Amino acid sequence: MKSFWVLPVFLFLMPTPGFSQEADTLIDLEGVEVREVEKRPEPFQVDILKKREIYETAVRDAGDILRKVPNVSGIRKGGIGLDPVVRGFKYSQLNVQLNNGHKIEGGCPNRMDPAMSHIDVDDIAAMEVIKGPFALRYGPNFGGVINVLTVRPAPADKLSFHVKAMQGFESNWNGSKQHLALYGGNGDIFFRLMGNYKKYGDYEDGNGNTVSSHFTRYNYSAAFGAVPWKGHELILSFEDSHGRNVMYPSLPMDERTDDTRLMSLDYTIDDLSGTFRELNLKCYHSAVSHAMDNKERPFSDTVVAVSEIDAINMGYRLEGRFSLGRGHLWVGTDLEDIRKDGARVKTRILEPTMPVMKENLWANAHIRDYGFFTEFRRTFNALELVAAARVDLNAARSDDLRLEKMGNLVFFDGETGSDFTNFSASLGGTCHLTGDIDLSLSFGRGMRSADMVERFIILLPIGYDNYDYLGNPQLKPEINYEADLGAQINRENSGVLNLNGFFSYVEDYITGRYLPPSVVKPQTKGVLGVKEFYNEDRVFLWGWEVSYRSPAMYRWGVRFHAARTCGVNPGAKKYVFDEGNLVGVTSLENDPLSEIPPLEANLTFRYTFLDNAVIPKVSVRAVGRQDRASEAFNEPETPGFITASAGLSWRFNRYFTATGGVNNIFDKAYYEHLNRRIVGGGGNLYEPGRIFYVNLIFSV
Amino acid sequence: MKTHHIIVFLSLSLTLLVAGCEKETDKKVVYRISDNASGYSVNYRGPEGALHASAVSVASGEDVWTYAFMAGEGDIVFVSAIYKDITGEIKVEILIDGKVYKQGYSKYDTVKYVTVSGVVPYE
């Protein structure tokens, strides 16, 4: 019996002389990734994070690793579930999707489970961040698209079966994670089965304080593909994912259970004719069942609050590509249909008869968006042009927005329906000035209708500031007019330098304004009052990104990137309170927008040994002080910080790779500007202190 | 052949990984009322979540009323009692797995309920 174990282990560990593939090869073995992450030249900024960067670091959350992308940050409210911010755009201003069109609607009104949190980071093959309102084939795009590509089954030349397993461990919060994938098939039928399990405890910050951040997550998925005829491909996929006891110290509740089911069907036909080149169909269904409570919070000694929400997002995307001379034309249509329902039950456990109250969080809320889009690309000698347009027919409905307490009507709004036609367009071009210098310029108009929260939320403290927020079903769509200017210098011997700048003029910006108690009274203890979502006339955002990557031909490698975003609201108002009473309103000229990350720079140096088998690297991250804080939102300034990390990737043989290292080497106590403060006066939510990590990856 | 062994082994691991992910930890909850010699009214939350009410008669101060059930982590536990004898007293306790989780006591107070409540703690 012993020999059964010894031999495979020996085979795993046995060095393979002469193995001389490039470092990326292990990743690229899973063929479909290569096809999907291939980067097209675009006149706007597209950043791609590949799987290697996930395995090379200590990461347990998809939103967390996105912070590696220039000008992308994350709003942290707990150990996981970071909500991405791209160039200052966030929440529904970003179009987050899975595998080119699969949308997920989180259940929590406070976004403890944004779409990214329902995707296991170890299932990801790549993440594509398309900045700006330019890519319009992926659904309504206001500020950017985050397209998460998971590892999917792919046809093989001959029948084969493979196994991939990963065991990861992180010190500090004693986290462990396992990933297992079985995949294989032939050229006609192929499959992929995957599972993940993650269990993390509370982490310690750099001051040695314990942060309530423990969580357990697990998922399993199955995807089957077939090639029924030459040029046709069908993929059916199914995933169940679950979260248990996920702590969010910066929110009033923790996630008790989350059960998510994702299903999709993809059908692709290639080479239909000389003109009709490709047809893609995707149908999907996402169901999130989310339960959260305050049972591990001090206030539960008085009132136990439990919220249960069901959110369904389903839709399709149908797209055809046509070859027209030297140009390509895409034409398509898509649908996103979101339904949300749920309530909060409050049990007053200190009262002798234990009264129980039920409040609707969502009342059969429903948003449907039909989109029609087109994109045309053509090359004119040294100029590549891309033009795109889309129209969205957006309709929203809900049962009456009604809140009653002790038989008294607190709030009522019966006009909950709205219909909008939204038009978006973009035009961009890349000019190849010389063989190694490109200049690009893009203009875009992205239009999006308000989301579920902005339309239908009923008096919950879901904003950055300390107010109960009230939805507004009659909100107008907000529009982003953006211009991007970029330059790339790509020289074989000296590397690739990218410079990008952008300017956004946002019309009918959706934000909150104060409503006096005579209109509606706040319902949450300790808040300053009620804010209702409304359309601010205009705000501006601007910023830049610079990145450098050394040539791949050398054994050493350097990567550098820096980015900055600024935003202002020319007509902001600050509400001044004294002992809970509004005593004045001040108009602020050009008040900075809230939740905008500060200047940040990253430098990574790596060196390759033993024919790329051993790659050590050292990274330094410097983040500036954020003193452009929003006065209107009572946003505090944030000090700057510098952190360092080191890692080593060791490909022992063709079956076995190990990565490990240490994050936050000097155990620096720091927090990001976008980290929400801990509720109940708990102060700032600090990032984890020093973490040692190791990931062991087997691939057969 | 070895590869097949590995695949079988890892397939079983995947099955176990999926099957072993959820663990329920039930705990024994006991409501206990004592130190009362004249009788009292009690409200308590049962395992099904409903509120029950009953009048308890006692023969002496040594009598102890108890109600026990199994509960999961996070379940609400609640017991509340009041007496009418102005010379009376009462002690109300909730025990979880044999240890006192919460307790309350009153003496000569016929107006205010002694309410003891909380949620079964998470490990």
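(A) Fine view of the overall build of chain A. From N to C terminus, chain A includes six helices and 38 strands. In terms of C-alpha radius of gyration, chain A reaches 25 Å, essentially the compact-globule figure of 27 Å for 700 residues. Seen through its C-alpha atoms, chain A measures out along the principal axes to roughly 75 × 65 × 50 Å. By the burial criterion, 46% of the 700 residues in chain A qualify as buried.

(B) The overall build of chain B, seen in detail. Helix and strand content of chain B: one helix and eight strands. In chain B, the succession of α and β elements from N to C terminus is α-β-β-β-β-β-β-β-β. Residues counted as buried form 23% of the 123 residues belonging to chain B. Partitioning the contacts of chain B with sequence separation of at least 6, the portion at a separation of at least 24 is 63%.

(C) Broad picture of the pairing of strand β18 (residues 327-348) of chain A. Residue and element names in this part refer to chain A. Note: strand β17 (residues 303-324) against β18, 22 bridges, orientation antiparallel. Pairing of R317 across the sheet is with D334, part of β18. Between the antiparallel neighbours β17 and β18 lie two residues, among them G325 with a positive phi of about 60°. As paired elements, β18 and strand β19 (residues 356-380) share 20 bridges and run antiparallel to each other. From the neighbouring strand, K340 faces β19, where its bridge partner is A365.

(D) Fine view of the environment of S649 of chain A. Residues and elements named next belong to chain A. Counting through the fold element by element, S649 comes out in strand β36 (residues 641-651). A residue is classified by how many C-beta atoms lie within 10 Å of it, and S649, with 24 of them, is buried. The sequence separation of S649 and Q474 amounts to 175 residues, and the corresponding C-alpha distance is 54 Å. Not counting chain neighbours up to four residues away, the residues in contact with S649 comprise E56, I615 and T659.

(E) A look at the sheet that holds strand β3 (residues 51-56) of chain B. All names here are of chain B. The four strands lie next to each other as β3-β2-β5-β8, forming an open sheet whose pairing is antiparallel. Here the strands that pair on one side only, and so sit at the sheet edges, are β3 and β8 (114-119). Recorded for the sheet is a direction-independent mean angle of 10° between the axes of neighbouring strands. Bridging between strand β5 (residues 76-83) and β8 involves six bridges; their strand directions are antiparallel. Bridging from a neighbouring strand, V79 pairs with V116 of β8.

(F) Main features of the sheet that holds strand β6 (residues 89-96) of chain B. Residue and element names in this part refer to chain B. One open sheet holds the four strands; their spatial order is β4-β1-β6-β7, and the pairing between them is antiparallel. On the outer flanks of this sheet lie β4 (65-72) and β7 (99-107), each paired with one strand and no other. Taking each pair of neighbouring strands and ignoring which way they run, the sheet shows an average axis angle of 15°. Where strand β1 (residues 26-34) meets β4, eight bridges bridge the pair, whose relative direction is antiparallel. Considered in β4, the bridge of V30 is made with A68.

(G) Quick look at the nonpolar core. If you look at the biggest cluster of nonpolar residues, it comprises 82 residues, and the most contacted ones within it are A62, I124, M127 and V148 of chain A. Broken down by element, this core gets its largest block of residues, six residues, from strand β6 (residues 124-131) of chain A. Once you skip the residues sitting within four places of it in the chain, A62 of chain A turns out to touch M116, I119, V121, I124 and V148 of chain A. V304 of chain A together with Y31, Y83 and I90 of chain B belong to the second largest nonpolar core, which has 22 residues in total.

(H) Representation of unusual backbone geometry in the model. Residue N174 of chain A is not a glycine yet carries a positive backbone phi of 50°. Checked against the element boundaries, N174 of chain A lands in the loop between β8 (160-170) and β9 (175-185). Accessibility expressed as a C-beta count within 10 Å gives 13 for N174 of chain A, which makes it partly exposed. Not every positive phi belongs to a glycine, and Y108 of chain B is a case in point at roughly 60°. Along the chain, the position of Y108 of chain B falls in the loop between β7 and β8.

(I) Fine view of the confidence of the model for chain B. All names here are of chain B. Per-residue confidence for chain B gives a mean pLDDT of 87; residues scoring 70 or more make up 80%. Per-residue pLDDT, averaged within each element of chain B, yields its smallest value for helix α1 (residues 2-19) (57) and its largest for β6 (97). Under the prediction, the complex receives an ipTM of 0.86, its pTM being 0.90.

(J) Seen up close, the pairing of strand β7 (residues 144-150) of chain A. Residues and elements named next belong to chain A. Across the seven residues of β7, seven count as buried, placing the element largely inside the fold. Of the two faces of β7, the one holding G144, I146, V148 and T150 and the one holding V145, N147 and L149 are both buried throughout. Inspection of the sheet shows strand β5 (residues 94-98) paired to β7 by five bridges, in the parallel sense. Within β7, the position partnered with V96 by the bridge is I146. One ladder, built from seven bridges, connects β6 with β7; its direction is antiparallel. Among the inter-strand pairings, I130 is bridged to a residue of β7, identified as V145.

(K) The arrangement of the environment of G107 of chain A in detail. Residues and elements named next belong to chain A. Mapping G107 onto the fold places it in the loop between β5 and β6. Exposure remark for G107: the 27 C-beta atoms within 10 Å place this residue in the buried category. On a C-alpha basis, the gap between G107 and S307 in space is 9.9 Å, while along the polypeptide they are 200 residues apart. Those residues in contact with G107 that lie beyond four places of it in its chain are D113, V288, H290, I309, A311 and G342.

(L) Layout of the confidence of the model for chain A. Of the residues in chain A, 94% reach a pLDDT of 70 or more, and the chain-wide mean stands at 91. Low pLDDT, under 50, characterises residues 1-38 of chain A; the predicted model gives this stretch 50 contacts beyond four residues in sequence or across chains.

(M) Region of the structure containing the environment of L588 of chain A. Residues and elements named next belong to chain A. Tracing the sequence through the fold places L588 in strand β32 (residues 581-588). With 16 C-beta atoms counted inside 10 Å, the residue L588 sits in the partly exposed group. Separated by 43 residues in the primary sequence, L588 and E631 have C-alpha atoms spaced 8.1 Å apart. Ignoring sequence-local partners within four residues, the contact set of L588 consists of A572, K573, K574, E631 and A632.

Cut-off values and rules
- What you see as residue numbers is a count from 1 along each chain, following the sequence as written.
- Ligands are numbered from 1 and chains lettered from A, in the order in which they are written.
- Selection of residues for local features in this predicted model requires a pLDDT of at least 70, selection of side-chain atom pairs for listing and counting requires 80 or more, and totals for whole chains, interfaces and linings are taken over all residues.
- Under the DSSP-based scheme used, a helix requires at least four consecutive residues in state H or I and a strand at least two consecutive residues in state E, with every element numbered from the N terminus.
- In this treatment the radius of gyration is a C-alpha quantity, and the globule benchmark scales as 2.2 Å times the residue count to the 0.38 power.
- Exposure classification rests on a simple neighbour count of other C-beta atoms within 10 Å of a residue's own: a residue reaching 20 or more is buried, one at 12 or fewer is exposed, and one in between is partly exposed. C-beta atoms are placed from the backbone.
- It is the C-beta atoms, placed from the backbone, that decide contacts: two residues are in contact if theirs lie within 7 Å.
- Each pair of strands is called paired provided DSSP finds at least two bridges between the two strands.
- Axes, fitted as lines to C-alpha atoms, cover a helix only where it is in contact. Angles between the N-to-C directions of the axes lie from 0 to 180 degrees.
- By our criterion, buried Ala, Val, Leu, Ile, Met, Phe, Trp, Tyr and Cys residues that link up through C-beta atoms within 7 Å make up a nonpolar core.
- By definition, pLDDT measures how confident the predictor is in each residue, and it falls between 0 and 100.

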